[in-house]
Amino acid sequence: MLASAAASSDALQRLSTEGAFAVLARARELEAQGRKLVHLEVGEPDFDTPEHIKRAGIAAIEANHTHYTPSAGIAELRDAVAVYAARFRGLEQISRDEVVVSPGLKVLIWNVMAALLNPGDEVIYADPAYQSYSNGAAYLQARAVPVRLSERKGFGIDLDDLAEKISDRTKLLILNFPHNPTGGILTREDLERIAELAVKHDVIVVSDEIYCRNVYDDAFLSIASIPGMRERSVILDGFSKAYAMTGWRLAYGVMPTSIARNVSLMNNNTFSCTATFVQHAGIAALQGPDEPIQAMVEEFRRRREAMVSGLNSLPGVTCVMPKGAFYAFPNVSQITEDDKKLAAFLLEEANVAAIGGSCFGEVGRGHMRFSYANSLENINIAIERMREALPRFA
Ligand code: PMP
């Protein structure tokens, strides 16, 4: 038998598993033993994919759209993305050559980073953040420079920290607003200041906008719509969250054509192309009725209220109101700084699955991430289970 260390590359040893998937694995073990858990760990809408999208996928299979496609995606979907993304974000015309399609956004983040970063290049991303950015940087041996999010600002970027850390050595700035794991967003003033810094230091901004449809108070604003930013922005978006299509695996990026060509080369060398009938379903998602998506957002809004007021009613827990995505990121530091221990306790003792905030970076310590992509009933059950169990946490 091979020794496991001998069987893995050095680069692989720099990778970690996304926190949500690690907690989910333990949760499934407990469920196999007959436990009834409430799942607040995974960032996955519990709604069914809207009917018109499912129909389009089935029709595409029946029409034999089941063969390879170009690595950047089929022309019809890229055109549909170009029209939709320009309208939704208030951008000038987007051309098909600026659009790249992929099987989910995670791999497109990876391919964009791999297409742009050399070992030693500096890449700035938020702390806390979705783990793909730090994993990508670690794998590629880029120099990771996390910038703090400010809880006081509702988890917007600490602009002083950014101004201090961004420099002519910075190659990429990765943004993700609405934000996983905190639900924070950026204001127009924030975006303008970030744009100013990006232009000054000639930085490419990768903007992961996968939660752009999940905003509850203010309209979504893309950094690409700030003057001077379109030509240095890589907009990333996906179908998983907005259309409840996590299992279909479909996402897209809009980027300058020179970058799009290089990312397509990465696509060609990793997954060849995205499932053809899934791409056809994506056209239906972008061009079909918007009401099913708005209905999901309305339901998320109700759940957000229940989750945040429930968390704030727990002794020792304080939670700012998230403005986007479908996560609450309460501060539990009055109970413990060891959020991973608290997450393990809640899973084992309260049958509530959630994630320790430090899985997303050091600044997340003393916090937890709760996804409210679950029913109101289950959210309320989880709050009551935690109320009962927390006094026993030691
Ligand atoms: N970016 C962010 C910020 C996410 O939260 C996720 C999913 N949790 C993704 C990208 C990837 O989504 P997918 O691969 O399903 O498109």
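Heads up: these notes are all about the structure in this document. (Residues numbered from 1 in each chain as written. Predicted model: local features only at pLDDT ≥ 70, side-chain atom pairs only at ≥ 80, totals over all residues. Heavy atoms only, no water.)

### Concerning the state of the cysteines
Inspection of every chain in the model, using the stated rule, returns zero disulfides. Its sulfur unpaired, Cys319 is 17 Å from the next cysteine sulfur, which belongs to Cys359. (Disulfide = S-S within 2.5 Å.)

### Focus on the nonpolar core
Ranked by internal contacts, the top residues of the largest apolar core, which has 64 residues, are Leu311, Leu346, Phe370 and Met386. Taken domain by domain, the makeup of this core includes at least three residues from each of domain 1 (4-48 + 292-389) and domain 2 (67-287). Setting aside its immediate chain neighbours within four residues, Phe370 contacts Leu40, Met307, Leu311, Phe326, Tyr327, Ala328, Pro330, Leu346, Val352, Ala354 and Met386. Counting residues in each nonpolar core, the second largest holds 34 residues, with Ile166, Leu191, Met229 and Ala353 among its members. (Core = buried A, V, L, I, M, F, W, Y, C linked by side-chain atoms within 4.5 Å. Buried < 20%, exposed > 50% of the residue type's maximum accessible area, 1.4 Å probe, protein only. Domains from an automatic or database assignment. Contact = heavy atoms within 4.5 Å.)

### Examining the pairing of strand β3 (residues 122-127)
For a regular strand, side-chain orientation follows a simple rule: the groups alternate between the two sheet faces. Across the six residues of β3, six count as buried, placing the element largely inside the fold. With four bridges joining them, β3 and strand β6 (residues 170-175) adopt parallel strand pairing. Note that in β6 the partner of Glu122 across the bridge is Thr170. (Helix = DSSP H or I, 4+ residues; strand = E, 2+ residues; numbered from the N terminus. Pairing = 2+ DSSP bridges.)

### Focus on helix α4 (residues 105-116)
Relative to the 16 Å expected for twelve residues at 1.5 Å per residue, α4 spans 16 Å between its end C-alpha atoms, a close match to the ideal helical length. Listing the buried residues of α4 in full gives Leu105, Leu108, Ile109, Asn111, Val112, Met113 and Leu116. (Expected span 1.5 Å × (residues − 1).)

### Comments concerning unusual backbone geometry
Here the residue pair Asp127 and Pro128 is connected by a cis peptide bond, since its omega of 5° sits within 30 degrees of zero. Tracing the sequence through the fold places Pro128 in the loop between β3 and α5 (131-140). The step from Asn180 to Pro181 runs through a cis peptide bond, and the omega angle for that step is 15°. Relative to the helices and strands, Pro181 resides in the loop between β6 and α7 (188-200). With a phi close to 65°, Phe155 is a non-glycine residue in the positive phi region. Secondary-structure assignment places Phe155 in the loop between β4 (143-150) and β5 (156-157).

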